[in-house]
Amino acid sequence: MNTTVNKIYSKPFLITLFWKQNKHHKHSVLIHTLKVLYHTIKNKDFKLIPAALLHDIGKPFVAYQKEEDIITNEWSFTDHEEKSYQIIKNWRFISDYTKTIVRYHYLIRDIDKHKLKDPARHQAKKKIWDSLNTEIQNDLKRFLKYDDLGKK
């Protein structure tokens, strides 16, 4: 697990915020976030707007390069959604609903990604999914679509 915590003036923070992420994202964290916001608004999914703005707020803080990232000049963001949640969890002007969406916005992908690769992590993430109510699960499914559209 990555324990990196970048400062806001660090190279990884600034590069990922303004210029580059990885092969899964065509744009920087900032542009990706704005694109997710655009698709959320375009679909009139107004209750997800705060999550669209905040879902990747932790990414630049946890950006790091694995060996293969250095070769391809890309960045990794392990558990960025938890970092994003940790940043906003005590913000009283953000609803618990939004905090939940931010914290678990990658959960569906994480479950699928680790099914064969890491069965223990898969089970832990599946347990979290099963603990969420149907409304949150459905909202996370919709949010994942907006997140994916923001990668193009």
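Provided above is the structure to which this section pertains.
This one's a predicted model, so the numbers in the text were calculated from it and none came from an experiment.

Conventions adopted
- Residues numbered from 1 in each chain as written.
- Predicted model: local features only at pLDDT ≥ 70, side-chain atom pairs only at ≥ 80, totals over all residues.
- Heavy atoms only, no water.
- Helix = DSSP H or I, 4+ residues; strand = E, 2+ residues; numbered from the N terminus.
- Contact = heavy atoms within 4.5 Å.
- 1 Å grid on protein atoms, 1.4 Å probe; cavity = no way out; pocket = protein on both sides within 12 Å on 5 of 7 lines; lining within 4 Å.
- Points joined across faces, edges and corners; volume = space filled by probe spheres on them.
- Nonpolar A, V, L, I, M, F, W, Y, C, P; charged D, E, K, R; others polar.
- Phe/Tyr/Trp six-rings, centres within 6.5 Å; stacked < 30°, edge-to-face > 60°.
- Buried < 20%, exposed > 50% of the residue type's maximum accessible area, 1.4 Å probe, protein only.
- Lys NZ or Arg CZ within 6 Å of the ring centre and 35° of its normal.

Asker: I'm lost on the environment of Leu30 in this one. Help?
Answerer: Residue position: Leu30 is located in helix H2 (residues 29-42). The spatial distance from the C-alpha of Leu30 to the C-alpha of Trp19 is 8.6 Å, given a sequence separation of 11 residues. Among residues more than four places away in sequence, those in contact with Leu30 are Leu17 and Phe18.

Asker: Would you explain the layout of surface pockets in this entry?
Answerer: One simple way to see leftover space: roll a probe sized like a water molecule over the atoms. There is about 750 Å³ of room inside the largest pocket. If you trace the largest pocket, you find 29 residues lining it, with His24, Lys66, Ser76, Tyr106 and Lys113 closest to the centre. Each residue belonging to the lining of the largest pocket can be placed in one class, and the counts come to 4 nonpolar, 9 polar and 16 charged.

Asker: What am I meant to see in the packing of aromatic side chains here?
Answerer: Geometrically, a pair of aromatic rings is defined through the distance of the ring centres and the angle of the planes. Across all of its chains, the model carries 3 aromatic pairs by this definition. Plain terms: the ring middles of Phe13 and Phe61 are 4.9 Å apart, the flat faces sit at 75° to each other, and that makes the pair edge-to-face. Of the two residues, Phe13 sits in helix H1 (residues 11-18) while Phe61 sits in helix H4 (residues 59-62), which places them 48 residues apart along the sequence. Residue Phe61 is classed as partly exposed on the basis of its relative accessible area, which comes to 22%. With a centroid separation of 5.5 Å and 20° between ring planes, the pair formed by Trp91 and Phe93 is classed as stacked. Of the residues examined, Trp91 reaches a relative accessible area of 28% and is grouped as partly exposed. Above the ring of Phe77, the side-chain terminus of Lys59 is found at 4.8 Å from the ring centroid. Just above the ring of Phe61 sits the side chain of Lys83; from NZ or CZ to the centre is 5.9 Å.

Asker: Looking at this structure, I do not really get the environment of Ile88. What am I missing?
Answerer: Within the secondary structure, Ile88 sits in helix H6 (residues 80-88). In the structure, Ile88 is positioned 10 residues away from Thr98 in sequence and 9.5 Å away in space, judged by C-alpha atoms. Beyond its immediate sequence surroundings of up to four residues, Ile88 is in contact with Leu54, Ile57, Ile94, Lys99 and Val102.

Asker: Which parts of the structure should I look at to understand unusual backbone geometry?
Answerer: Of all residues except glycine, most have a negative phi; of all peptide bonds, most are trans. Not every positive phi belongs to a glycine, and Lys44 is a case in point at roughly 55°. Checked against the element boundaries, Lys44 lands in the loop between H2 and helix H3 (49-54).

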